[in-house]
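Survey of secondary and tertiary structure
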Amino acid sequence: MRKSTKILSANPSGLIRAALTVAAISCLAACGGGGGGGSGDVTADGNNPPPLKPVSHTYAQGTIEGFGSIRVNGVRYDESKATIRNDDGSNIAKENLKLGMVVDIIAEPAQTNSAGIKVATASQVHYRSELEGPLTAVSGNQLTVFGQQVLLNETTVFEDGHAASLVIGKILEVYGQRRADGTILASRIEIENDADDLFKLRGPVTALDVGTGTFRIGEAIIHSPADVNNLANGETVLVRLARSSNAAGHWIASTLKKETPLALVESIISSTTGIRADLEGYITKMESATRFVVAGVLVDASAARMPAGLAVGTLVDVEGVLSNGVLHADEVELEDDLRSDGGGFEIEGFITYLDTAKKTFEIRGVTID
């Protein structure tokens, strides 16, 4: 049995509304299978896509947009037997996966089940946030958190269901996608209460200054003399930082790690088999009309049917096969920041809490009005 409902919560400029489809009776587990290969469509240059190597795995990067199995980029991944890891590489329970988190997934090749739904069984799920730090300003639907400009929209998920909890000085953990202009579109925001944790910041290095031992991520100035000689502007890093700045107002790096966009799949890349990849992200660089960068990965879309309107800053979903660090795309689709395609969020599972007076219930930690 299914029914539609809505979560309503107030944000600084009005209501945040996220439509959900809820299966409140049973929890459906997705099953896996084999498949993969080219789409067979006529391509941007009028030819058929080249034959692809047999696909051994699927790699996906995107936002958790539903539960039952976790739904990412329209595919349901059964995570029940997967290894789940956080930013630090620590194993965690699958219950820690939440709506709106950004994840990287390794799975078997997806197949379409009898209901017409793409499903796969995941072997690894890694989740990551963009930052954890203090909220310093709120202006309409824009926050300043740890020197980063964070944008809210109608699909931003709040841990407690209410944007009214955004109070200056609170420590926030922000999940989302960093756009070409450096702003972060938040898909999930959590309030952090553990004063012992280090702050965290992920993003591209700018304003690298070897003389002062500093660099910037957004407007945050980070002091890390031991690391700057090994950095370059434009590289993406994950930095853990002390919770207090130094006398010059710089944040002190505790640890720093360079990040490569395909690190999760390096160990399974083979010369004889391909990896089917599905990436959601913003185009941050255009080399030509059919070569561009999404989520740090170079995409060759010369063998794909191309939508109109691709440009730096466009949100896209790209599917294809990875080879030598390049995603050879056979599908490129424009995405909408607001998920206004009707997909919304979808949650399937057992009701774990019911409040008949308030007319709310809870599934997998999500309160539904």
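By convention here, each chain's residues receive numbers from 1 onward along its written sequence. Where totals are concerned, whole chains, interfaces and linings use all residues; where local detail is concerned, this predicted model gives features only for residues with pLDDT of at least 70, and gives and counts side-chain atom pairs only at 80 or more. Values reported for side chains reflect all heavy atoms of the structure, with hydrogen atoms and water molecules removed beforehand.

**A look at the overall build of the protein chain**
Secondary structure is summarised from DSSP: a helix means a run of H or I of at least four residues, a strand means a run of E of at least two, and numbering begins at the N terminus for each. Within the protein chain, the regular secondary structure consists of 0 helices and 30 strands. The buried share of the protein chain, taken over its 369 residues, is 47%. It only takes one pair of heavy atoms within 4.5 Å for two residues to be counted as in contact. Sequence separation of 24 or more characterises 64% of the internal contacts of the protein chain that already satisfy a separation of 6 or more. Burial classification: accessible surface area is computed with a 1.4 Å probe over protein chains only, and a residue below 20% of its type maximum counts as buried, one above 50% as exposed, and the rest as partly exposed.

**Some thoughts on the layout of surface pockets**
Rolled over the atoms, a probe sized like a water molecule indicates the empty space that remains. One number sums up the size of the largest pocket: a volume of about 1000 Å³. Taken together, 38 residues form the lining of the largest pocket, with R128, R202, T236, E259 and P261 sitting closest to its centre. Within the residue set of the lining of the largest pocket, elements represented by two or more residues are β3 (55–67), β9 (118–128), β14 (171–178), β16 (199–204), β21 (251–258) and β22 (274–286). Counted by class, the lining of the largest pocket contains 11 nonpolar, 14 polar and 13 charged residues. The method works on a 1 Å grid over the protein atoms by themselves. A cavity is a set of points holding a 1.4 Å probe that cannot get out, a pocket is an open set with protein on both sides within 12 Å along at least five of seven lines, and residues with an atom within 4 Å of a point line them. Grid points are joined across faces, edges and corners, and a volume is the space filled by probe spheres set on the points. Residue polarity follows a fixed list, in which Ala, Val, Leu, Ile, Met, Phe, Trp, Tyr, Cys and Pro are nonpolar, Asp, Glu, Lys and Arg are charged, and the others, Gly among them, are polar.

**Focus on the side chain of E130**
One can find E130 in the loop between β9 and β10 (131–139). If sequence neighbours within four positions are ignored, E130 has contacts with V174, Y175, G176, R178, I184, K200, L201 and R202.

**So, the confidence of the model for the protein chain**
When pLDDT is averaged across the protein chain, the result is 82; 80% of the residues are at 70 or more. This stretch, residues 1–51, has a pLDDT under 50; its non-local contacts, to residues over four places away or in other chains, come to 142 contacts. On a range of 0 to 100, pLDDT expresses the predictor's confidence in each residue.

**A closer look at the nonpolar core**
Within the largest apolar cluster, 31 residues are counted, with the highest numbers of intra-cluster contacts made by L143, L166, L172, I189, F215 and L241. If one sorts the elements of this core by residue count, strand β15 (residues 184–192) sits on top with 4 residues. M101, A107, V157 and I368 belong to the second largest nonpolar core, which has 27 residues in total. By nonpolar core is meant a set of buried Ala, Val, Leu, Ile, Met, Phe, Trp, Tyr and Cys residues that side-chain atoms within 4.5 Å join together.

**Quick word on the side chain of E319**
Take E319: it is sitting in strand β25 (residues 315–323). Apart from residues lying up to four places away in sequence, E319 is in contact with K118, R276, A277, D278, A329, D330 and E331.

**Here we look at the pairing of strand β5 (residues 75–78)**
Consecutive residues of a regular strand have side chains that alternate between opposite faces of the sheet. Residues V75 and Y77 of β5 are buried on one face, and the alternating residues R76 and D78, pointing to the opposite face, are buried as well. Where strand β4 (residues 70–72) and β5 come together, 3 bridges link them in antiparallel fashion. By the bridge assignment for β5, I70 is matched with Y77. Should DSSP find at least two bridges between two strands, the strands are taken to pair. Here β4 folds back onto β5, and the loop between the two strands holds 2 residues, one of which, N73, carries a positive phi near 55 degrees. Across 3 bridges, β5 lies against β9 in parallel orientation. Residue pairing across strands places R76 opposite V119, the latter belonging to β9.

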